[in-house]
Amino acid sequence: TTLDSAVYGHDYGLKSTDLQGSACYRVSDEFRIGLGGRYLWLQQNGLGPFGTDVVSGGLATEDIVKEFTFGAGATAVLGESFAIGAVGQNLTNVGNGFLPLLVGGGLGYGATDLAVEADCVFDLTTYDGARVKASGGISVLAGETFPLQLSYAYDQGPDMHFIGAGLGYQDTQFSAEVGAKQSLSGPTSTTVAFGVTLFLEAMMGY
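Residues numbered from 1 in each chain as written. Predicted model: local features only at pLDDT ≥ 70, side-chain atom pairs only at ≥ 80, totals over all residues. Heavy atoms only, no water.

Draft legend 1. Broad picture of the environment of T125. By the element assignment, T125 lies in the loop between strand 8 (114-123) and strand 9 (131-142). You can call T125 partly exposed: its relative accessible area is 32%. Linking T125 and L99, residues 26 residues apart in sequence, is a C-alpha distance of 9.1 Å. Beyond its immediate stretch of four places on either side in the chain, T125 contacts N93, P100 and L101. (Helix = DSSP H or I, 4+ residues; strand = E, 2+ residues; numbered from the N terminus. Buried < 20%, exposed > 50% of the residue type's maximum accessible area, 1.4 Å probe, protein only. Contact = heavy atoms within 4.5 Å.)

Below is the structure:
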């Protein structure tokens, strides 16, 4: 993967290799655990407008990040409709802002036509103290075909609030959805995403 960042018309040419993998084990019908690993190698492959000086040259002669880290999580199913989970990311605590130490958890409720969830994650290393990222959402399946979604999120780090909405369509052969997220405070931020999923077995008549 290659990431490019242009500053004042110059390309710092950030190059990254980001390898991730995970596995999950179902201990029982009520309990599951998971473990994931990540290797991130990030380099600067260019110079700023003033060449190799300290400000413009940046980290052109050394790796910005070259670390392996891992995460772990667990989910417990409470009855037929409730689930609670806990997760930790970058648990090796490498001391780099690209791989912050995160711990958190969430609670969810799911029924045939309704799903509700809420979660919070604590960023323990990016700032001078712990900062929370909290979010919640609700999804309603209208007419057994159209999922409608609303969400809210708060990020204490930059002190920003967000609201999101989504609309989808699903049947036995494919599903499609579109969603948008808008910041309500701080710098203006708008994100729009589209997704399509094909169920090949159903399309081919298996």
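Resuming the write-up.
Draft legend 2. Summary view of the sheet that holds strand 3 (residues 14-28). Spatially, 3-4-5-6-7-8-9-10-11-12-13 is the arrangement adopted by the 11 strands of the open sheet, whose pairing is antiparallel. Because the sheet does not close on itself, it has two edges, and the strands there are strand 3 and strand 13 (190-198). Taken over all neighbouring pairs, the strand axes of this sheet differ in orientation by 15° on average, direction set aside. As judged from the 10 bridges shared by strand 9 and strand 10 (residues 146-155), these two strands associate in the antiparallel manner. If you follow V140 over to strand 10, its bridge partner there is L148. (Pairing = 2+ DSSP bridges. Axes fitted to C-alpha atoms, helices over the stretch in contact; angles between N-to-C directions.)

Draft legend 3. Summary view of the side chain of N96. Here N96 is to be found in the loop between strand 6 (82-89) and strand 7 (102-110). Polar contacts involving the side chain of N96 include one to the main-chain carbonyl oxygen of I64, which spans 3.3 Å. In contact with N96, not counting residues within four places along its chain, are I64 and V65. (Polar contact = N/O pair within 3.5 Å; in protein donor to acceptor, adjacent residues only side chain to side chain.)

Draft legend 4. Structural context of the pairing of strand 12 (residues 174-183). Across nine bridges, strand 11 (residues 160-170) lies against strand 12 in antiparallel orientation. Across the sheet, Y169 pairs through a bridge with A176, a residue of strand 12. Hairpin geometry of strand 11 and strand 12 is characterised by an intervening segment of three residues between the two adjacent antiparallel strands. Linkage of strand 12 to strand 13, two consecutive antiparallel strands, is achieved through a turn of six residues, within which G186 is found at a positive phi near 70°.

Draft legend 5. Layout of the pairing of strand 10. The antiparallel hairpin formed by strand 9 and strand 10 contains three residues in its connecting segment, where G143 sits at a positive phi of about 60°. Where strand 10 meets strand 11, eight bridges bridge the pair, whose relative direction is antiparallel. For L148, the partnering residue across the bridge sits in strand 11 and is L167. What sits between the antiparallel neighbours strand 10 and strand 11 is a turn of four residues, in which D159 has the positive phi angle 55°.

Draft legend 6. Looking closely at the side chain of D155. On the secondary structure map, D155 appears in strand 10. Nearest to the buried, unbridged D155 among oppositely charged side chains is K133, at 4.3 Å. Side-chain polar atoms of D155 contact the backbone nitrogen of G157, separated by 3.1 Å. (Lys, Arg positive; Asp, Glu negative; His and termini not counted. Salt bridge = Lys/Arg side-chain N within 4 Å of Asp/Glu carboxyl O.)

This is a description of form; function is not addressed.
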